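Reading the structure
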Amino acid sequence: MSVEKVLQTIKENNIEWVDFRFVDLGGRAHHISLPASAVEEETFVNGVAFDGSSIKGFRGIEESDMVMMPDPSTVYIDPFTAHPTLNIMCDIFTPDGERYERDPRGIAVKAEEFLQSSGVGTAAFFAPESEFFIFDDVRYETTMHSSSFSVDSEEAVWNTNRKEEGGNLGFKVGVKGGYVPVAPVDSQQDIRSEMCRLLGEAGLEIERHHHEVATAGQAEINFRFDTLKKTADNLLTYKYIVQNTARQYGKVATFMPKPLFGDNGSGMHVHQSIFNGSEPLFYEKGAYANLSEMALNYIGGILYHAPALIALTNPSTNSFKRLVPGYEAPVNLVYSKGNRSAAVRIPVAAVTPKGCRIEFRTPDSTANPYLAFSAMLMAGLDGIKKKINPEEMGYGPLDKNIYELSDADKEKIRSVPGSLNEALDALEADYEFLTEGGVFTKDFIDNYIALKRGEAQEVAIRVHPHEYALYFDV
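Residues numbered from 1 in each chain as written. Predicted model: local features only at pLDDT ≥ 70, side-chain atom pairs only at ≥ 80, totals over all residues. Heavy atoms only, no water.

Overview of the overall build of the protein chain
Looking only at helices and strands, the protein chain has 14 helices and 18 strands in total. By the compact-globule yardstick of 23 Å for 474 residues, the protein chain fits well, its C-alpha radius of gyration being 23 Å. Dimensions of the protein chain, computed from the C-alpha atoms along their principal axes, are close to 65 × 60 × 50 Å. Each of the 474 residues in the protein chain was classed as buried or not, and the buried ones make up 53%. The long-range share in the protein chain, meaning contacts at least 24 apart out of those at least 6 apart in sequence, stands at 68%. Surface accessibility of the protein chain: about 21800 Å² in total, with carbon and sulfur atoms responsible for 51%. Positive and negative charge centroids in the protein chain, built from 45 and 68 side chains respectively, lie 4 Å apart. (Helix = DSSP H or I, 4+ residues; strand = E, 2+ residues; numbered from the N terminus. Rg over C-alpha atoms; globule rule 2.2 N^0.38 Å. Buried < 20%, exposed > 50% of the residue type's maximum accessible area, 1.4 Å probe, protein only. Contact = heavy atoms within 4.5 Å. Areas by Shrake-Rupley, 256 points an atom, 1.4 Å probe, with all protein chains shown as cover. Lys, Arg positive; Asp, Glu negative; His and termini not counted. Charge placed at Lys NZ, Arg CZ, Asp CG, Glu CD.)

Digging into the domain arrangement of the protein chain
Looking at the protein chain, the domain boundaries give domain 1 (3-100) and domain 2 (123-466). The C-alpha centroid of domain 2 is placed 29 Å from the C-alpha centroid of domain 1. Every contact between the two is made by 18 residues of domain 1 and, on the other side, 20 residues of domain 2. Taking both sides of the interface into account, the surface hidden between domain 1 and domain 2 amounts to around 1500 Å²; carbon and sulfur atoms contribute 61%. (Domains from an automatic or database assignment. Buried area = accessible area lost by both parts, 1.4 Å probe.)

Topic: the side chain of Asp24
Residue placement: Asp24 occurs in the loop between β1 (17-23) and β2 (29-35). Comment: no salt bridge for buried Asp24; closest opposite-charge side chain is Arg28, at 5.1 Å. A distance of 3.0 Å separates the side chain of Asp24 from the backbone nitrogen of Gly27, its partner in a polar contact. Separated by 2.9 Å, the side chains of Asp24 and His30 make a polar contact. Those residues in contact with Asp24, other than ones at most four positions away along the chain, are His30, Ile55, Phe58, Pro104 and Asn368. (Salt bridge = Lys/Arg side-chain N within 4 Å of Asp/Glu carboxyl O. Polar contact = N/O pair within 3.5 Å; in protein donor to acceptor, adjacent residues only side chain to side chain.)

What about the packing of aromatic side chains?
Per the stated rule, a full pass over the model turns up 17 aromatic pairs. Aromatic side chains Phe125 and Phe275 sit 5.3 Å apart centroid to centroid with 80 degrees between the ring planes, which places their arrangement in the edge-to-face category. With Phe125 in strand β7 (residues 123-135) and Phe275 in strand β14 (residues 268-276), this pair connects stretches of sequence that are 150 residues apart. An aromatic cluster of three or more residues is present, and its members are Phe22, Phe50, Phe58 and Tyr100. Taking the ring centre of Tyr240 as reference, the NZ or CZ of Arg21 above it sits at 4.2 Å. Against the face of Phe255 rests Lys239, its NZ or CZ located 5.3 Å from the ring centre. (Phe/Tyr/Trp six-rings, centres within 6.5 Å; stacked < 30°, edge-to-face > 60°. Lys NZ or Arg CZ within 6 Å of the ring centre and 35° of its normal.)

Laid out in structure tokens, this is it:
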């Protein structure tokens, strides 16, 4: 959409406010609203000023002035505000007009430019499957003398015997019993359909929605693939609309990877492919899973760099509560066709040449999508550049249920890091593939690692409630 078209949209829809948004290092969106009457062509040239020192991981107070530069291609009308509001995503620049090197969206821009300059292809396409839970109630507390959390859902397995006003209506979802049941077991059809309606109005092309495996309201909505930066923009919109729709229904949605103990967590499986113009580069008929050599090399790069990559694709301490064997978690660094126990799966059902793709199943939605997608692309391109053959590296293909292998066979398979700190150690040791072409900078990586180590330390030094069960009576 052109600037002229944005201004026309404001006028035609009687827009009162324009909401300028940017994303921080952790992937959270921030916003400043301007009266629509103050937004003109010059706004898209001069940008909107904000205080960078108030954003964790950005700039110090002595150099805090920063500028949001709106991208007119990202506008949509906010479906939740009482006063008509137009939302628009922004890039971050310094007052000197230079692109800010710690702007996650700017890194996505550089990753796409690097792909084009590499001669490999013209565009990389991404499609995340971002799972989430819809709860009826969430409470948590962490103080010097108390630490607890509690979530509840009307369809949770622990509520089969709960006394409710009007009676308990049953049809609860069992542990690992939530994959695509019909109503009344699936009690959230309408709320997901409303989410999809609003996502469609915001410009996302919805492919399907369904209940996911876990009890207590786990859900998934899939939207159509797009280019790297555009898909990251869409994922920010997706999370915003999912969470606010849930709130309108008196519920709460969370993308936290492992909010429940003892059942499946929420992942963000990321489908990806590279095209040269209209030509798909990952397809070769008759080869293993119809994958081209380029696609196999891309997989090799993903799996070779996976320990470091996971610091960006699974960047929370909670991520590693999900990445444990036994809950369909893709902890094994191998590839396979149609095998959901492998870190990289190649979809083979109803796949056309243009639909041929690889699926990296390890990531979750605590990832900043601009950083995660960029890092995956850079790892894959490094694999293409170095012709990393995943089979020669011992990464498969492994077309077996890995969870049922013998202990001896399992020991031959590389696993994901066991903690956020281990992943950050791997990133410290293996980051050069990210800095190719100046896509990521060493300053950004050092700053990112320091921030994430701080989060890990905050969790590590706090007393955990389960420690009372283990040690109080020692």
